[in-house]
Amino acid sequence: EAAVTQSPRNKVTVTGGNVTLSCRQTNSHNYMYWYRQDTGHGLRLIHYSYGAGNLQIGDVPDGYKATRTTQEDFFLLLELASPSQTSLYFCASSDDSGEQYFGPGTRLTVL
Amino acid sequence: KTQVEQSPQSLVVRQGENCVLQCNYSVTPDNHLRWFKQDTGKGLVSLTVLVHENDKTSNGRYSATLDKDAKHSTLHITATLLDDTATYICVVGDRGSALGRLHFGAGTQLIVIP
């Protein structure tokens, strides 16, 4: 069965802090995605990747970097966290069909 | 501008009752529409996908319809259970491959009470 895991599940940091969110998939999928979910909004795409070493910009990329080190691992980096980045972050993976499988989410709070 | 609108925003029903959730969208092209269930603090789990004009699907107590002319979908939940308490999210895909984009609604929060 498809499996996408995220760590940490919860994170609290301060304004200006440096945060890395991790995502690992064991589906052998080529595509991986990072989203944020905020009350009153649908999930919004931050960055995505077609494969190891590839990075594509999503719809809300400002303040975020990402890196795809292997087919399995996709990281989201917040180098100077701000309170506006307090959110629930989801990672997803998909094969060529585009059907996405989601991780359990990471709740990030920036004080 | 929001391209996927869901209604109602929230809904409270008694266990055993039926309910209907609505999704209207303006995404073009609209290759497919998928309904997800999201338990509080958890990830999204796919319930059903609709692809064709006037598609109808059924998955246990969940059934869904799609009217591509009207750009409208409904999710019906029959004989609700307490475990149906969750947020239900409508997602429209503009292509049938990973090269397409997904457009997410904000969700309907369903609360089932005893």
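Residues numbered from 1 in each chain as written. Chains lettered and ligands numbered in written order. Predicted model: local features only at pLDDT ≥ 70, side-chain atom pairs only at ≥ 80, totals over all residues. Heavy atoms only, no water.

K.L.:
Explain the sheet that holds strand E6 (residues 56–59) of chain B to me, please; I cannot follow it from the model alone.
P.N.:
Within a sheet, adjacent strands bond to each other through the backbone by hydrogen bonds, running parallel or antiparallel. Residue and element names in this part refer to chain B. Overall, antiparallel pairing links the five strands, which are arranged E1-E3-E8-E7-E6 in an open sheet. The open sheet is flanked by strand E1 (4–7) and E6, the only strands paired with a single partner. Along the sheet, successive strands turn relative to each other by an average axial angle of 15°, direction set aside. Examined bridge by bridge, strand E3 (residues 19–25) and strand E8 (residues 72–77) share six bridges and lie antiparallel to one another. (Pairing = 2+ DSSP bridges. Helix = DSSP H or I, 4+ residues; strand = E, 2+ residues; numbered from the N terminus. Axes fitted to C-alpha atoms, helices over the stretch in contact; angles between N-to-C directions.)

K.L.:
Please clarify how the packing of aromatic side chains should be interpreted in this entry.
P.N.:
How two aromatic rings sit relative to each other is given by the distance of their centres and the angle of their planes. For the structure shown, the criterion picks out eleven aromatic pairs over all chains. Ring centres of Trp 34 of chain A and Phe 74 of chain A lie 6.4 Å apart, and the angle between their planes is 40°; on these two criteria the pair is classed as tilted. One end of the pair, Trp 34 of chain A, is in strand E4 (residues 31–37); the other, Phe 74 of chain A, is in strand E8 (residues 73–78), with 40 residues separating them in the sequence. Grouping residues by exposure puts Trp 34 of chain A and Phe 74 of chain A together as buried. Following the ring pairs from residue to residue traces out a cluster consisting of Tyr 31, Tyr 33, Tyr 35, Tyr 48, Tyr 50 and Phe 102 of chain A together with Phe 36 and Phe 104 of chain B. Between Arg 61 of chain B and the ring centre of Tyr 62 of chain B, over which it is positioned, the NZ or CZ distance is 5.7 Å. (Phe/Tyr/Trp six-rings, centres within 6.5 Å; stacked < 30°, edge-to-face > 60°. Buried < 20%, exposed > 50% of the residue type's maximum accessible area, 1.4 Å probe, protein only. Lys NZ or Arg CZ within 6 Å of the ring centre and 35° of its normal.)

K.L.:
How should the interface of chain B and chain A be read in this particular structure?
P.N.:
It is common to report an interface's size as the accessible area lost on association of the parts. At the interface, 17 residues of chain B touch 27 residues of chain A. Approximately 1500 Å² of surface area, both sides summed, lies buried where chain B meets chain A, with 55% of it carried by carbon and sulfur atoms. By the criterion of area lost to chain A, the three top residues of chain B are Ala 98, Arg 101 and Phe 104 of chain B, representing 37% of everything that side buries. Put simply, chain B and chain A have two salt bridges between them. For the pair chain B and chain A, the interface holds five residue pairs in polar contact (both at pLDDT 80 or more). Where the side of chain B that touches chain A is concerned, the elements lending two or more residues are strand E4 (32–38) and strand E10 (102–104) of chain B. At three residues, E4 of chain B tops the list of elements feeding residues into the side of chain B that touches chain A. (Contact = heavy atoms within 4.5 Å. Buried area = accessible area lost by both parts, 1.4 Å probe. Salt bridge = Lys/Arg side-chain N within 4 Å of Asp/Glu carboxyl O. Polar contact = N/O pair within 3.5 Å; in protein donor to acceptor, adjacent residues only side chain to side chain.)

K.L.:
Sorry, what's going on with unusual backbone geometry here?
P.N.:
Residues other than glycine predominantly adopt negative phi, and peptide bonds predominantly adopt the trans conformation. Put simply, Ser 7 of chain B and Pro 8 of chain B share a cis peptide bond, and its omega is -10°. Note on placement: Pro 8 of chain B falls in the loop between E1 and strand E2 (10–14). A cis amide bond links Thr 28 of chain B with the next residue in sequence, Pro 29 of chain B, at an omega value of -5°. Backbone geometry places Ser 28 of chain A, a non-glycine residue, at a positive phi of 60°. Along the chain, the position of Ser 28 of chain A falls in the loop between strand E3 (19–25) and E4.

On their own, these measurements won't tell you what the molecule is for.
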